[in-house]
Amino acid sequence: MKIDVLLGLQWGDEGKGKGVDLLTPQYDVVTRFQGGPNAGHSLEFNGKKHVLHLVPSGIFHDSINLVGNGVVLDPVKFDIELQGLQAMGIDPFKKILLSRKAHLILPSHRVLDAAIEHAKGKEKIGSTLRGIGPTYRDKVGRDGLRIGDIETIDFKEKYNKLKAKHQLLLKQYNFEYDLAKDEEEWFEAIEVLKKFEFVNSEYRIEQYFREGKKILAEGAQGSLLDIDFGSYPFVTSSSTTIGGACTGMGIAPQKIGKIIGIAKAYCTRVGSGPFPTELHNAEGQQLRDKGAEYGSTTGRPRRCGWLDLVALKYVVMLNGVTEIILTKSDVLDEFETIKVCTAYEINGEETLEIPFDINAPINPVYTELKGWNTQIKDIRKPEELPAAFIEYVKFIEHHIEVPVSIVSVGPDREATIHM
Ligand code: IMP
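Residues numbered from 1 in each chain as written. Predicted model: local features only at pLDDT ≥ 70, side-chain atom pairs only at ≥ 80, totals over all residues. Heavy atoms only, no water.

> Quick question: what am I supposed to make of the overall build of the protein here?
Within the protein one finds twelve helices and 20 strands. In terms of overall size, the protein behaves like a compact globule, its C-alpha atoms giving a radius of gyration of 21 Å where 419 residues would be expected to give roughly 22 Å. Along the first, second and third principal axes, the C-alpha set of the protein runs to 65 × 50 × 40 Å. Relative to its 419 residues, the protein shows a buried fraction of 57%. Long-range pairs, those at least 24 residues apart, make up 76% of the contacts in the protein with a sequence separation of at least 6. (Helix = DSSP H or I, 4+ residues; strand = E, 2+ residues; numbered from the N terminus. Rg over C-alpha atoms; globule rule 2.2 N^0.38 Å. Buried < 20%, exposed > 50% of the residue type's maximum accessible area, 1.4 Å probe, protein only. Contact = heavy atoms within 4.5 Å.)

> Is there a simple way to think about the site of the ligand in this case?
Lining the immediate environment of the ligand, one finds 16 residues, of which D13, N38, T128, T236 and R300 sit closest. The backbone of I125 places a nitrogen or oxygen atom 3.4 Å from an oxygen atom of the ligand. Here an oxygen atom of the ligand and a backbone polar atom of G126 are 3.3 Å apart. For the ligand, the accessible surface in isolation is 470 Å², of which the surrounding protein chains cover 96%. A breakdown of the residues in the shell around the ligand according to their chemical character gives six nonpolar, eight polar and two charged. (Near = heavy atom within 4 Å. Polar contact = N/O pair within 3.5 Å; in protein donor to acceptor, adjacent residues only side chain to side chain. Areas by Shrake-Rupley, 256 points an atom, 1.4 Å probe, with all protein chains shown as cover. Nonpolar A, V, L, I, M, F, W, Y, C, P; charged D, E, K, R; others polar.)

> What exactly am I supposed to notice about the packing of helix 6 (residues 155–171) against helix 7 (residues 180–193) here?
Each pair of packed helices gets described by two things: the angle between the helix axes and the distance between those axes. Interhelical geometry of helix 6 versus helix 7 gives an angle of 145 degrees and a closest axis separation of 14 Å. Crossing angle aside, the handedness with which helix 6 passes helix 7 is right-handed. In this structure, helix 6 contributes F155, K156, Y159 and K163 to the contact, and helix 7 contributes E183, W186, F187 and I190. Across the contact of helix 6 with helix 7, the residue classes tally to five nonpolar, no polar and three charged. (Axes fitted to C-alpha atoms, helices over the stretch in contact; angles between N-to-C directions. Left-handed = near helix turned anticlockwise from the far one by under 90°.)

> What is the right way to look at the environment of F33 in this model?
Within the element layout of this structure, F33 appears in the loop between strand 2 (29–32) and strand 3 (41–45). F33 sits 122 residues away from F155 along the chain, and the two C-alpha atoms are 24 Å apart. Aside from chain neighbours lying at most four places away, what touches F33 is V5, L7, G70, V71, A217, E218, G219, S239, G244, A245, G248 and M249.

> Could you clarify how one ought to interpret helix 4 (residues 107–120) in this entry?
Owing to its 3.6 residues per turn, the α-helix brings residues three or four apart onto one side. In a regular helix each residue adds 1.5 Å, so 14 residues correspond to 20 Å; helix 4 covers 21 Å between its end C-alpha atoms and thus fits that length. Counting buried residues along helix 4, ten of its 14 residues qualify, which places the element largely inside the surrounding structure. Restricting attention to buried positions, one finds in helix 4 the residues P107, S108, H109, R110, V111, L112, D113, A115, I116 and E117. Just downstream of helix 4, G121 is the residue with a positive phi angle, here 55 degrees. (Expected span 1.5 Å × (residues − 1).)

> Please clarify how the sheet that holds strand 20 (residues 416–418) should be interpreted in this entry.
Picture the strands of a sheet paired through backbone hydrogen bonds; they go either parallel or antiparallel. Ordered in space as 9-7-5-2-10-1-11-15-19-20, the ten strands form an open sheet in which the pairing is mixed. Two strands lie at the open edges of the sheet, namely strand 9 (197–199) and strand 20, each paired on one side alone. Averaged over all neighbouring strand pairs, the angle between strand axes comes to 25 degrees, with direction disregarded. Summarising the sheet, strand 11 (residues 256–264) and strand 15 (residues 323–327) pair through five bridges and their orientation is parallel. Looking across to strand 15, one finds that I260 is bridged to E323. (Pairing = 2+ DSSP bridges.)

> It is not clear to me how the pattern of salt bridges should be interpreted in this structure. Could you clarify?
Pairs may arise between side chains of opposite charge once their charged atoms sit close together. One pass over the structure, following the stated rule, counts 25 salt bridges. We note a salt bridge from D91 to K94, for which the minimum N-O separation is 3.2 Å. By relative accessible area, which is 71% here, K94 ends up exposed. K101 serves as the salt-bridge partner of E202, at 2.6 Å between the closest nitrogen and oxygen. Of this pair, E202 sits in helix 8 (residues 201–210) while K101 sits in the loop between strand 7 (96–99) and strand 8 (103–104), and the two are 101 residues apart along the sequence. The exposure class of E202 is partly exposed, given its relative accessible area of 21%. Residue K101 is classed as partly exposed on the basis of its relative accessible area of 35%. One network of salt bridges, with partners in common, ties together D13, K264, E293, R302 and K328. (Salt bridge = Lys/Arg side-chain N within 4 Å of Asp/Glu carboxyl O.)

> Teacher, can you tell me more about the environment of G230 here?
Structurally, the position occupied by G230 is in the loop between strand 10 (215–218) and helix 9 (242–247). Exposure remark for G230: the relative accessible area of 14% places this residue in the buried category. Separated by 220 residues in the primary sequence, G230 and Q10 place their C-alpha atoms 9.6 Å from one another. Once residues within four sequence positions are removed from consideration, G230 is found in contact with S223, L224, L225 and V235.

> Please explain the side chain of T31 as it appears in this structure.
Among the secondary structure elements, T31 is positioned in strand 2. On the accessibility criterion, T31 (0% relative accessible area) is buried. Excluding anything up to four places from it in sequence, T31 contacts L66, I205, I215, L216, A217, E218 and M249.

> Please explain the packing of helix 4 against helix 5 (residues 132–140) as it appears in this structure.
Contact geometry for helix 4 and helix 5: axes closest at 7 Å, N-to-C directions at 110 degrees. Comparing their axes, helix 5 and helix 4 come out roughly perpendicular. Our pair here, helix 4 against helix 5, has a crossing hand that is right-handed. Taken together, the residues of helix 5 that come into contact with helix 4 (itself represented by H109, L112, D113 and I116) are I132, P134, T135, R137 and D138. Taken together, the residues of the contact of helix 4 with helix 5 sort by class into four nonpolar, two polar and three charged. (Parallel < 35°, antiparallel > 145°, perpendicular 65-115°, else oblique.)

Okay, here's the thing in structure tokens:
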């Protein structure tokens with residue numbers, strides 16, 4: 001049984017939480033393979049909203065949930081999430097496994113994130129300030145602390161060594177901070193982590209694979225925030241595209257089966273960086289209001305704009321997407337006409353490619369489609385969808401050459417149409 005992967009295809013916040021939650025009943029194991037508590041995966045069922053940051057979204061079903069080696073884990077944020085799950089009667093200690101090779105976010109990583117962002121001034125990335133960048137920097141710089149280190153006798157020494165390095169770095173930034181309280185909390189949270197089974201996850205996944213268990217890998221953020229292929233430097237610090245699934249879990253590419261991409265019927269972005277189809281007008285506000293477009297991790301208002309098929313086609317190519325889950329389609333219900341960007345105009349020339357120079361002024365070339373002007377949130381069967389909506393879906397499929405398999409028309413599990 002091949003391993004299926006679910007990836008966000010835009011700038012994150014596409015509705016991956018709901019996507020995984022919908023798919024999970026078909027899987028025995030759900031894994032996270034990159035990112036950290038910068039992610040916010042929202043799920044809604046029985047009239048309640050739940051936001052997960054580090055815990056794989058299979059936690060609300062019977063699946064095993066594995067935090068892979070590519071993830072960066074903040075024990076304090078993780079503990080807060082666990083408490084929320086326990087309050088719901090879920091025993092996380094039995095259902096979650098942690099890779100020994102996943103890196104730990106230290107309190108001083110969070111401080112460094114804030115200091116570095118502050119120093120960038122107007123050029124700031126708009127980071128979630130969860131310590132993600134500095135932790136991946138230490139990973140690549142071969143200085144990081146990993147979950148497996150918790151089991152070693154010199155863990156505290158390793159911690160102090162890394163903290164001392166951070167303190168030295170922080171001297172450059174003239175940034176006020178006080179680590180004492182955060183460190184106390186952090187070490188308390190490390191004790192909670194010890195209650196979990198630490199695994200050599202690459203072997204464990206291989207074992208599950210050989211046993212014929214069905215595995216779903218859940219990506220965080222989105223392809224347009226990828227460290228290599230996103231709008232660098234306005235990106236996150238991990239590989240959010242398909243290669244990240246291989247390195248973040250230790251699986252060979254030929255073991256991958258379906259590559260399910262999740263995309264909103266329009267676009268949103270939080271943080272800084274280029275966004276060619278961004279709307280700075282009443283239509284943008286309408287998308288924000290109707291789509292409740294406020295960050296689930298930081299609460300920041302999201303920037304909103306029309307669907308960008310140049311970008312979508314690019315990430316379909318990068319990831320080899322085999323099918324699409326189209327989310328938040330109902331947010332477009334009240335638009336008379338809907339625009340879709342099908343090309344970019346740069347320096348008077350039309351192109352279908354994303355330019356290297358992210359500062360290049362891009363004019364989106366739009367195709368205008370008829371809106372459906374009908375509420376679709378209560379529709380559950382594809383044959384009941386309005387003709388103009390079907391046209392919208394066909395238009396997307398035609399451009400990106402991938403079928404839309406599921407349409408989501410609301411946050412609840414039930415608000416789903418299998419096409
Ligand atoms: P960082 O990953 O927290 O350093 O943030 C880098 C950029 O990625 C910022 O623009 C963030 O807003 C964005 N980002 C990080 N995680 C998410 C996410 O889960 N959803 C949407 N944007 C994100």
